[in-house]
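Residue-level structural notes
These are the residues of each chain, in order.
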Amino acid sequence: MKILLIGSGGREHALAWKLAQSPLMTEFFAAPGNPGIAEHARLVDLSTEDNDAVLTFCKEKAIDFVVVGPEAPLVAGLADTLRAGGIAVFGPSAAAAQLEGSKGFTKDICARYNIPTGAYQRFNNAPKAKAYIRAQGAPIVVKADGLAAGKGVTVAMTVDEALAAVDDCFEGAFGTAGAEVVIEAFLDGEEASFFCLSDGKHALALATAQDHKRVGDGDTGPNTGGMGAYSPAPVMTPDMVERTMKEVIEPTMRGMAESGYPFSGLFFAGLMITKKGPELIEYNVRFGDPECQVLMMRLKSDLLPLLLAAANGTLDQVTVEWSDDVALTVVMASKGYPGSYEKNTPIAALPADEDGAKVFHAGTALKDGALVATGGRVLNVTATGKTVGEAQARAYALVHKVVWDNGFCRSDIGWRAIEREKS
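Residues numbered from 1 in each chain as written. Predicted model: local features only at pLDDT ≥ 70, side-chain atom pairs only at ≥ 80, totals over all residues. Heavy atoms only, no water.

This part is about the overall build of the protein chain. Looking only at helices and strands, one finds 13 helices and 23 strands in the protein chain. Since a compact globule built from 423 residues should have a radius of gyration of about 22 Å, the 21 Å found for the protein chain is in line with a globular shape. Each principal axis of the C-alpha atoms in the protein chain carries an extent, and together these give about 60 × 45 × 45 Å. Relative to its 423 residues, the protein chain shows a buried fraction of 57%. Across the protein chain, every contact between residues at least 6 apart in sequence was considered, and the portion connecting residues at least 24 apart equals 68%. Total accessible area on the protein chain stands at roughly 16,600 Å², and carbon and sulfur atoms take up 50% of it. A gap of 2 Å separates the mean positions of the 39 positive and 52 negative side-chain charges of the protein chain. (Helix = DSSP H or I, 4+ residues; strand = E, 2+ residues; numbered from the N terminus. Rg over C-alpha atoms; globule rule 2.2 N^0.38 Å. Buried < 20%, exposed > 50% of the residue type's maximum accessible area, 1.4 Å probe, protein only. Contact = heavy atoms within 4.5 Å. Areas by Shrake-Rupley, 256 points an atom, 1.4 Å probe, with all protein chains shown as cover. Lys, Arg positive; Asp, Glu negative; His and termini not counted. Charge placed at Lys NZ, Arg CZ, Asp CG, Glu CD.)

The strand order across the open sheet built from four strands is S6-S9-S7-S8, with neighbouring strands paired in antiparallel fashion. The two strands at the open ends of the sheet, each matched to only one other strand, are strand S6 (120-123) and strand S8 (153-156). Taking the axes of each pair of neighbouring strands and ignoring which way they run, one obtains an average angle of 15° across the sheet. Direction of pairing for strand S7 (residues 140-144) relative to S8: antiparallel, over a ladder of four bridges. Looking across to S8, one finds that Ile 140 is bridged to Ala 156. (Pairing = 2+ DSSP bridges. Axes fitted to C-alpha atoms, helices over the stretch in contact; angles between N-to-C directions.)

Hydrogen bonding along the main chain pairs the strands of a sheet, whether they run parallel or antiparallel. Read across the open sheet, the three strands follow the order S18-S21-S20; overall the sheet is antiparallel. The strands lining the two open edges of the sheet, one partner per strand, are strand S18 (345-346) and strand S20 (364-367). Of the pairings in the sheet, the one linking S18 to strand S21 (residues 370-373) comprises two bridges and is antiparallel in character. Residue pairing across strands places Pro 346 opposite Val 372, the latter belonging to S21.

Every α-helical turn comprises 3.6 residues, leaving residues that sit three or four positions apart pointing alike. Along helix H2 (residues 51-60), the residues that are buried comprise Asn 51, Val 54, Leu 55, Phe 57 and Cys 58. For H2, the angular spread of the buried residues around the axis is 160°, confining them to a single face. Of the exposed residues in H2, the ones pointing more than 90 degrees away from its buried face are Asp 52, Lys 59 and Glu 60. Contacts from the buried residues of H2 go to strand S1 (2-7), strand S2 (27-32), strand S4 (65-68) and helix H4 (78-84). At the exit of H2 stands Ala 62, carrying a positive phi of roughly 55°. (Arc of directions from axis to C-beta.)

As a further point, take the nonpolar core. Leu 4, Val 66, Leu 82, Met 236 and Ile 249 are the most contacted members of the largest nonpolar core, which totals 47 residues. In this structure, Met 296, Met 297, Leu 303 and Leu 304 belong to the second largest nonpolar core, which totals 42 residues. (Core = buried A, V, L, I, M, F, W, Y, C linked by side-chain atoms within 4.5 Å.)

What follows covers helix H6 (residues 103-112). Of all ten residues making up H6, seven are buried, and the element is well covered by its neighbours. When we look at burial in H6, the residues that qualify are Lys 103, Gly 104, Phe 105, Thr 106, Lys 107, Ile 109 and Cys 110. Where H6 begins, one side-chain oxygen reaches toward the backbone nitrogen of Phe 105, 3.0 Å away; that side chain belongs to Ser 102. Trailing H6 by a residue or two, Asn 114 shows a phi angle of about 60°, which is positive. (Polar contact = N/O pair within 3.5 Å; in protein donor to acceptor, adjacent residues only side chain to side chain.)

Once that is clear, we can look at the packing of helix H7 (residues 126-136) against helix H8 (residues 159-170). Packed helix pairs are characterised by how far apart their axes lie and by the angle those axes make with each other. Where H7 meets H8, the closest approach of the two axes is 10 Å, and the angle between their N-to-C directions is 160°. On the basis of the axis angle, H7 is roughly antiparallel to H8. Crossing of H7 against H8: the hand is right-handed. Counted together, Ala 126, Ala 129, Lys 130, Ile 133 and Arg 134 of H7 and Val 159, Ala 162, Leu 163, Val 166, Asp 167 and Phe 170 of H8 form the full contact between these two elements. (Parallel < 35°, antiparallel > 145°, perpendicular 65-115°, else oblique. Left-handed = near helix turned anticlockwise from the far one by under 90°.)

Let us now look at the side chain of Arg 410. Mapped onto the secondary structure, Arg 410 falls in the loop between strand S23 (407-408) and helix H13 (415-422). Engagement of the side chain of Arg 410 in a polar contact is seen with the side chain of Asp 219, the distance being 2.9 Å. A distance of 2.9 Å separates a polar atom in the side chain of Arg 410 from a polar atom in the side chain of Asp 412. In contact with Arg 410, other than residues within four places in its own chain, are His 212, Arg 214, Val 215, Gly 216, Asp 217, Gly 218, Asp 219, Met 227, Val 330, Tyr 396 and Trp 415.

The next thing to look at is the packing of helix H1 (residues 10-19) against helix H11 (residues 303-312). One can describe the packing of H1 onto H11 by two numbers: an axis separation of 8 Å at closest approach and a directional angle of 110°. By the angle between their axes, H1 is roughly perpendicular relative to H11. Counted together, Leu 15, Lys 18 and Leu 19 of H1 and Leu 303, Leu 304 and Leu 307 of H11 form the full contact between these two elements. For the contact of H1 with H11, the class distribution of residues is five nonpolar, no polar and one charged. (Nonpolar A, V, L, I, M, F, W, Y, C, P; charged D, E, K, R; others polar.)

The element strand S17 (residues 326-334) is extensively covered by neighbouring structure, given that nine of its nine residues are classed as buried. The pairing of S17 with strand S22 (residues 377-385) spans eight bridges and is classified as antiparallel. Across the sheet, the residue bridging to Val 326 is Gly 385, located in S22. In terms of strand pairing, S17 meets S23 through two bridges, oriented antiparallel. Among the inter-strand pairings, Ala 333 is bridged to a residue of S23, identified as Phe 408.

So this is what it looks like as structure tokens:
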């Protein structure tokens, strides 16, 4: 099979690394890719925002299957253009991608199909939003409705913080994503990420992970796209996975189909495990970044047939096998992230891959043959172990071998699970 992968981050490097292991693969292209992805696929200078250009490339190269990594092309209808042109694709239609593209859309689906989630209201102007906040009090959660690269959410512990978040949204801090806001109840519990493939009729549960959103140790500082993750998440017991499938995933699939938006692709459910059980914080419609990196390290099955089954409606005919090992990834970011940061800083050395340990490229480029950091989140240093503690120790040992003066990372990825292991 000839495959095209869309994207350029750490998630896509992990997908490329895993897809390249498939015996079904004959030719592999990636657009736009990165230096890590270039180890596995031929990079293509293609505007992934131009749906028709992607379709034209697929026809010229007789591409059999397209795997879309990031959310923006899905929300912009790339999967629709490819399907209409006769190209098989992993990823939902633009209509189904509203689950990520609009927080309000997802909340309305939850309300209609009785999916457990925090109470909420939608607002398109600041005075009404602020009046609601004052009436509800804090803690409370303020979300920009649209895509904001993981940064449009404020968990406000005071009313003043919530009011400021509303101003940020309506004053354009998140561009058009903040034209509408969703204000919802604060859920108290432990967060977990749950990943599940869907072909519109059948679901196949994949695995669980736990992300670390805050930039600083001890979960302090501003939210980021994610500073590290590990899998599996101990809080997601077999019983909790079963409840998540029954109470969250299955009614969502039914609701999307009944609403005229059958969902084909990946459900990434951001959950809060509360005293009541699993409650939905948000949906994403693609693999998480950096959660994808730890999932791919644990996946024993060939990834390609799984994604194909989701695309062609045969998920009931495939199974998936996972390693019992823990995988943990530490994100190395440019100093200053998630604020402004210097670009094109040199990365002098990276450690070699080991068995069960790998550095994924998230925001790198080659300039005059030298590796440089171009993004906020730049490297995903990933390792496996029998326990979270062992995986953490291996990952940080690799971090110390990275020679990059402008890089930083959290020193405590996996701390919740390690506390659990100790007790």
